[in-house]
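The chain contents come next:
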Amino acid sequence: MPTNTQYRLPNSLRMGLLVAGLVGLLMGVLAWLQVERERAADLEEMDRRAYVLSHQMVYSVQAALQLPDREAAAALSSSLEGYPPLIGLAVYRPDGRLLAAGKDVQEFAADLNKVVARALKEQKDIIESIRTDQGRVYILASAIRAPDGQPQGVLVVVQDMSQVDKLVVSRRVRFGFWVGVVTLLLLTLVVAGAWLLYDRPLKRMMEWMRQLRGGDDAEPPPLEPPAARLANENGRLADSLRTARSAQRAQARAVAQTGQIWTRERLHAYMIDRLRGRRLLVLSNREPYLHELQDGKTRLRTPAGGLVTALDPVLRASGGVWIAHGAGNADRMTADERGRLAVPPDDPAYTLRRVWLSREEEHGYYHGFANEGLWPLCHLAHERPVFRASNWEHYLRANQRFAAIALEEVGADPAVVLVQDYHLALAPRLLKDARPDLTVGMFWHIPWPNPEAFRICPWRAELLRGLLGADLIGFHLQQHCNNFLDTADRMIEARLDWNRFTVESHDHVSRVRPFPIGVQPWSERRTPSGIHLARQIDELRDRYSLDHVRVAVGIDRIDYTKGLPERFRAVARFLERYPRYRGQFTLVQLSTPSRTYLRRYRDHLNELESLADTINWRFQTAAWKPIRFLVGDQDTATIHAFMRLAEINIVSSLHDGMNLVAKEFVAARSDLDGVLILSEFTGAARELSDALIVNPYDVEQFAETIQRALEMPSDERRERMTQMRRHVEEHNIYRWAADFLDTLTADPTSTSSTQEAT
Ligand code: G6P
């Protein structure tokens, strides 16, 4: 792809060209100035010579001018001849008539008339240079006056300038030659120096690192500057890579023996087996890597949200193409002309294909139909869905666009296409209609409501028909599968098999199954551990004045389904009921703004800010605040550090398909400490029964649960966390992907699947 393969000059050559170019330019300017200075000196010399001559001649010319023409010419004839560079002299009468001239001057007589006329008219010395057939000549025309001031005539001195011009040319050539030689010499020196001191050591180091990453235990490069300064760090890096790799190998061996834990490597091998040469494509609205312009520079961002967090590690393990909306304002300039780029940019493992949508399309399809319509329709959070015909049109067209790009990517090859979430409900049918041989899976990441709730959507039948183009439709929970089957049963012509969990419509059978999604192990991510983690935690405590307070953390996109006002009110109620915790307990709420184009989301952010202010104002002291509401993107390392800093993680969604933050928190607590307070309305609550389960609407119970979490004995904390970790580790994201793929690619008549995969 052009972005990655564009030819770049080696750094040493670029540095050499820059330095030598600048120095060469400077020397060129100086040389030019010097040539000009010398030329000016030559001209001055010519002036001086002409004046001396004219002064020497003036008396004899004055005397001759008293005589009649013939005698005057005879008196002057011998003294008007020249010798190089003097061509000769000429004398004119006051009426401009030539009286006498050296013989070489006579060739220019016609050219001199104008200058003589001027000298007579202005009665002063005129200096000019004129171009003749023989080259340039220098002319000094001196007006001669009698002692009483009467004009007597003109004496003209004519000199040859060709010598001066030749000197200019030869000086230019000489200086140019030396400037060229010095520039070339400098270029060679800088390129050689930069290559020896910079390019070569770095290239060797890069090569070594590449080999190390690829698994070769290569010898480190020789210690030469500047890489020598990294010698220690390199050694440590290599050691930790080796350690990690051997741990991985041990884990893989353990897995092979026990068949328990799914890893990236195991999924990779499994995918190859299940795909059997077919290509793998993922379709989602949200892209895993987004480029934005900030202060004139492109910045890479990983968008918040469970879908991206879950699927990126899967694609890294399996490879393939992920097709998603290019929403970043620098997305076009970081992809090739087809919108493709290799990701992750620092260690490419798969291809991201960006889909371009106009502002209007994005607004109608994403903000409008998906997020003002389907999102509140599927979440029971008492938010009224809005459905507009124009938004539906955009939704339909965007789905067609995604499907067309998927078909273009597939070409004529066999492929497995995994369509993700409520933005792309129509894509499965569009794909199947175009290519019935494709294997199409659909995963719905949010809840599916009961038929009564779903029926209010004016395009319910179209959505169901779109989804039923898939061979397999996955939800997080069995309850969502049941709701879906119920909805299909009541709203479209379809044959349902409740024993096999299938829906047959338009001669096509779709299986409907639960696949509770999991998370990637933290050990695979670049987050500090040991002393570095402790240092980062100390810094965060310092930065947010959290010294000596017990901390609960909440990590959410700002969304009305996440139960953030309920969480804040529970904290206030907790401090009312248990005043001993005032000054002792803080909720740190990390919140990423989301869908802020929609007014509902902006209002929600304002509501949260003012609620946090009100509660803080009521309880805070000079040194303490009960709620730290931190709005903005947080990097993975900071989120991880907060998960380790806090004693409690609060997840209080009013309705959530799964909620991966809860699982991420459990996965982060390798210290087996920490308490999870989890809303009963999340999918995660079905699996993490050792969390403290709350009803976020019940403020008294919620407040009491915070107190219970803070006072839970350490043995109990450890026991609960151990149980939850076991589940989260086993049901990780690789297992989820393997289960889904296994069912999708299995014989459609088979009923079991997930057991086979594990
Ligand atoms: C939920 C949805 C995802 C979505 C994420 C973030 O988890 O299921 O499909 O990507 O929210 O929302 P956003 O609108 O920013 O993509």
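Residues numbered from 1 in each chain as written. Predicted model: local features only at pLDDT ≥ 70, side-chain atom pairs only at ≥ 80, totals over all residues. Heavy atoms only, no water.

Draft legend 1. Representation of a negative patch on the surface. Taken together, Asp538, Glu539, Asp542 and Asp547 make up a surface patch of like negative charges. Along the chain, aspartate 547 falls in the loop between helix H15 (530–543) and strand E18 (550–557). Residue classification places aspartate 547 among the partly exposed positions, given a relative accessible area of 41%. (Patch = residues over 30% accessible without salt bridge, like charges linked within 9 Å, V, L, I, M, F, W, Y side chains within 5 Å. Areas by Shrake-Rupley, 256 points an atom, 1.4 Å probe, with all protein chains shown as cover. Salt bridge = Lys/Arg side-chain N within 4 Å of Asp/Glu carboxyl O. Lys, Arg positive; Asp, Glu negative; His and termini not counted. Charge placed at Lys NZ, Arg CZ, Asp CG, Glu CD. Helix = DSSP H or I, 4+ residues; strand = E, 2+ residues; numbered from the N terminus. Buried < 20%, exposed > 50% of the residue type's maximum accessible area, 1.4 Å probe, protein only.)

Draft legend 2. Looking closely at the packing of helix H7 (residues 264–275) against helix H8 (residues 306–318). Viewed as axis vectors pointing N to C, H7 and H8 meet at an angle of 60 degrees, and their least axial separation amounts to 8 Å. As summarised for this structure, H7 and H8 are arranged oblique, according to the angle between their axes. Crossing handedness for the pair H7 and H8: right-handed. Contacts between H7 and H8 involve Arg264, Leu267, His268 and Met271 on the former and, on the latter, Val314, Arg316, Ala317 and Ser318. Across the contact of H7 with H8, the residue classes break down as 4 nonpolar, 2 polar and 2 charged. (Axes fitted to C-alpha atoms, helices over the stretch in contact; angles between N-to-C directions. Parallel < 35°, antiparallel > 145°, perpendicular 65-115°, else oblique. Left-handed = near helix turned anticlockwise from the far one by under 90°. Contact = heavy atoms within 4.5 Å. Nonpolar A, V, L, I, M, F, W, Y, C, P; charged D, E, K, R; others polar.)

Draft legend 3. Here's a closer look at the pairing of strand E20 (residues 627–631). Burial of E20 is extensive: 4 of the 5 residues sit out of reach of the surface. Strand direction decides the pairing type here: strand E19 (residues 585–592) and E20, joined by 5 bridges, are parallel. Pairing of leucine 587 across the sheet is with isoleucine 627, part of E20. Taking the sense of rotation as the criterion, the β-α-β connection linking E19, helix H17 (residues 599–619) and E20 turns out right-handed. (Pairing = 2+ DSSP bridges. Right-handed = clockwise from strand over helix to strand, strands pointing away.)

Draft legend 4. Main features of the sheet that holds strand E17 (residues 508–514). Spatially, E10-E11-E9-E6-E12-E13-E14-E17-E16-E15 is the arrangement adopted by the 10 strands of the open sheet, whose pairing is mixed. The open sheet has two edge strands, strand E10 (340–343) and strand E15 (495–497), and neither has a second partner. Across the sheet, the mean angle from the axis of one strand to that of its neighbour is 20 degrees, orientation sign disregarded. Across the sheet, helix H14 (residues 478–491) touches strand E14 (472–475), E15, strand E16 (502–505) and E17, and the angle it forms with E17 is around 150 degrees.

Draft legend 5. Here's a closer look at the domain arrangement of the chain. Per the domain assignment, the segments of the chain are domain 1 (16–166), domain 2 (280–514) and domain 3 (526–730). One C-alpha centre belongs to domain 1, the other to domain 3; they are set 97 Å apart. (Domains from an automatic or database assignment.)

Draft legend 6. Expanded view of unusual backbone geometry. The amide bond that connects proline 84 to the next residue, proline 85, takes the cis arrangement and shows omega of 0 degrees. With respect to the helices and strands, proline 85 occurs in the loop between helix H3 (69–76) and strand E1 (86–92). With omega at -15 degrees, the peptide bond leading from valine 343 into proline 344 counts as cis. Here proline 344 shows up in the loop between E10 and strand E11 (350–355). Positioned with a positive phi, aspartate 507 is a non-glycine residue whose angle comes to about 60 degrees. In this fold, aspartate 507 is placed in the loop between E16 and E17. Even without being glycine, asparagine 659 reaches a positive phi, approximately 80 degrees.

Draft legend 7. Expanded view of a nonpolar patch on the surface. Taken together, the side chains of Met15, Leu18, Val19, Leu22, Val23, Trp195, Leu196, Leu197 and Tyr198 define a hydrophobic patch exposed on the protein surface, amounting to about 800 Å² of accessible area. The dominant element in the nonpolar patch, judged by the number of residues it contributes, is helix H2 (residues 11–65), at 5 residues. One can find leucine 197 in helix H5 (residues 162–213). For leucine 197, a relative accessible area of 52% corresponds to the exposed category.

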